[in-house]
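Summary of the model geometry
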2 protein chains.
Amino acid sequence: MNYPNGQRKYKSVSHSNAHLGHGKRGMTLEEDVNITNQFYLDTDKAIIHKKPTPVQIVKVNYPRRSAATITEAYFKQASTTDYNGIYRNHYIDFEVKDTKNKTLFPLANLHEHQMKHMESIIHHGGISFIIIRFSLFNETYLLQTEDVLTYWHNMENNGRKSIPYEDIKSKGHIIPFKYQARVDYLSIIDQLYF
Amino acid sequence: MNYPNGQRKYKSVSHSNAHLGHGKRGMTLEEDVNITNQFYLDTDKAIIHKKPTPVQIVKVNYPRRSAATITEAYFKQASTTDYNGIYRNHYIDFEVKDTKNKTLFPLANLHEHQMKHMESIIHHGGISFIIIRFSLFNETYLLQTEDVLTYWHNMENNGRKSIPYEDIKSKGHIIPFKYQARVDYLSIIDQLYF
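Values in this document were obtained by computation on a predicted structure and should not be read as measured data. (Residues numbered from 1 in each chain as written. Chains lettered and ligands numbered in written order. Predicted model: local features only at pLDDT ≥ 70, side-chain atom pairs only at ≥ 80, totals over all residues. Heavy atoms only, no water.)

**Some words on the sheet that holds strand S2 (residues 47-50) of chain B**
Residues and elements named next belong to chain B. Taken in spatial order, the 6 strands make up an open sheet running S2-S5-S6-S8-S9-S11, and their pairing is mixed. Looking along the sheet, the strands with just one partner apiece sit at the ends: S2 and strand S11 (173-174). As paired strands, strand S8 (residues 127-134) and strand S9 (residues 139-144) are joined by 6 bridges and run antiparallel to one another. Residue pairing across strands places Ile131 opposite Leu142, the latter belonging to S9. The strands that helix H2 (residues 112-123) touches are strand S6 (90-99) and S8; relative to S8, the one it contacts most, it runs at about 135°. (Pairing = 2+ DSSP bridges. Helix = DSSP H or I, 4+ residues; strand = E, 2+ residues; numbered from the N terminus. Contact = heavy atoms within 4.5 Å. Axes fitted to C-alpha atoms, helices over the stretch in contact; angles between N-to-C directions.)

**Observations regarding the pairing of S9 of chain B**
Across the 6 residues that make up S9 of chain B, a large majority, 6, are buried. Side-chain alternation along S9 of chain B places Glu139, Tyr141 and Leu143 of chain B on one buried face and Thr140, Leu142 and Gln144 of chain B on a second face that is also buried. (Buried < 20%, exposed > 50% of the residue type's maximum accessible area, 1.4 Å probe, protein only.)

**Section: unusual backbone geometry**
The phi angle at Asn138 of chain A is positive, at roughly 50°, despite the residue not being glycine. Checked against the element boundaries, Asn138 of chain A lands in the loop between strand S8 (127-134) and strand S9 (139-144). The phi dihedral of Asp44 of chain B falls on the positive side, at around 60°, and the residue is not glycine. Structurally, Asp44 of chain B is set in the loop between helix H1 (29-42) and S2.

**Focus: the environment of Asn101 of chain A**
Residues and elements named next belong to chain A. Tracing the chain through its elements places Asn101 in the loop between strand S6 (90-99) and strand S7 (104-106). Judged by its relative accessible area of 25%, Asn101 falls in the partly exposed class. Those residues within four positions of Asn101 in sequence are excluded, and the remaining contacts are Pro106 and Phe134. Within polar-contact distance, the side chain of Asn101 engages the backbone nitrogen of Thr103 at 3.0 Å. A polar atom in the side chain of Asn101 sits 3.2 Å from the backbone nitrogen of Leu104. (Polar contact = N/O pair within 3.5 Å; in protein donor to acceptor, adjacent residues only side chain to side chain.)

**Digging into the pairing of S6 of chain B**
Residues and elements named next belong to chain B. Most of S6 sits inside the fold, with 9 of its 10 residues counted as buried. Where strand S5 (residues 83-87) and S6 come together, 5 bridges link them in antiparallel fashion. Opposite Tyr83, over in S6, you have Phe94 as the bridge partner. Pairing geometry for S6 and S8, over 8 bridges, is parallel. Bridge pairing in S8 places Val96 opposite Ile131.

**As for the sheet that holds S6 of chain A**
All names here are of chain A. Judged by pairing direction, the sheet is mixed, and its 6 strands sit side by side in the order S2-S5-S6-S8-S9-S11 without closing on themselves. Strands with a single pairing partner mark the edges of an open sheet, and in this sheet they are strand S2 (47-50) and strand S11 (173-174). Here S2 runs beside strand S5 (residues 83-87); their pairing, made up of 4 bridges, is antiparallel. Residue Ile48 lies in a different strand from S5, and its bridge partner there is Gly85.

The structure is reproduced here in structure tokens:
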């Protein structure tokens, strides 16, 4: 990745957020999902939060009368997914990814420990999926972890390293855009699980 | 809080961790719970993780060929609990607190948004509780959120601002210490919910 050499000012808490591609409506997928989760929370539909960005804190300055300042820290790889919570008594766990690719979703966007985590969630009775946005088409899909795993295990056996766009179109479920629930993924979960 | 004026080196990722009182076995409650969760994970009993410490990132330095360095950041108040996950198909959500008090647990250790979050988790069908350690006695209790809420709402109506130790002893459930599952709280969950 070609980062500019220098300081960058942060508006947002999230690291990854700042680097996501922007959708046509001027929001990243992650921002859209966060707004959706806030709407779910406000309407008491579900309790789903984004986990904080994992940071390895090295140095902290404690001035006498003001807040502690972290002066040296590093981004860490997340060992699980970014989002989890509860909906209709069920544990929910998912990852959010956008791509500028037009023909496929590269599996390199997912990490092995994330996939193992999601596979394990299913074995323990949870609901797990990936939200994938093809940002150039502004199409957002929900793909169940069970389906992602088929491609993942195939890749592990020297198969292809991506999921074709056409497969996501057929096996995935397009998520409707709504004004408040901008990525209304729970409408898909309702259809699939309840 | 009287922090020393100066830089402090961090070994651990967790902010709160570094300030917790140490139990008689030389581990903080949080460390014991993290080890327990790792044991649950390794034995495929449950998938429960501590959420990363929430950090407000302000400045990041991107050197040309090495990892991004966060050079200015601040600790943020968590809006939920520290731990959540899945166990036997159920969503689990809890907070961990230790105290050096001998006669009571001060409710000031909990925040309003945390209590609202935990109350909401119960309404959505999740299992929620607090793990409280009286570190001077080295006694660790599980207290269900339903019970904590009784004291919390009483405090909101100008009642007492703490839970007496004797009440925790009678309403709570003492958590056994085991070699690998150092705070084996799921043994209590088994008794209470399954």
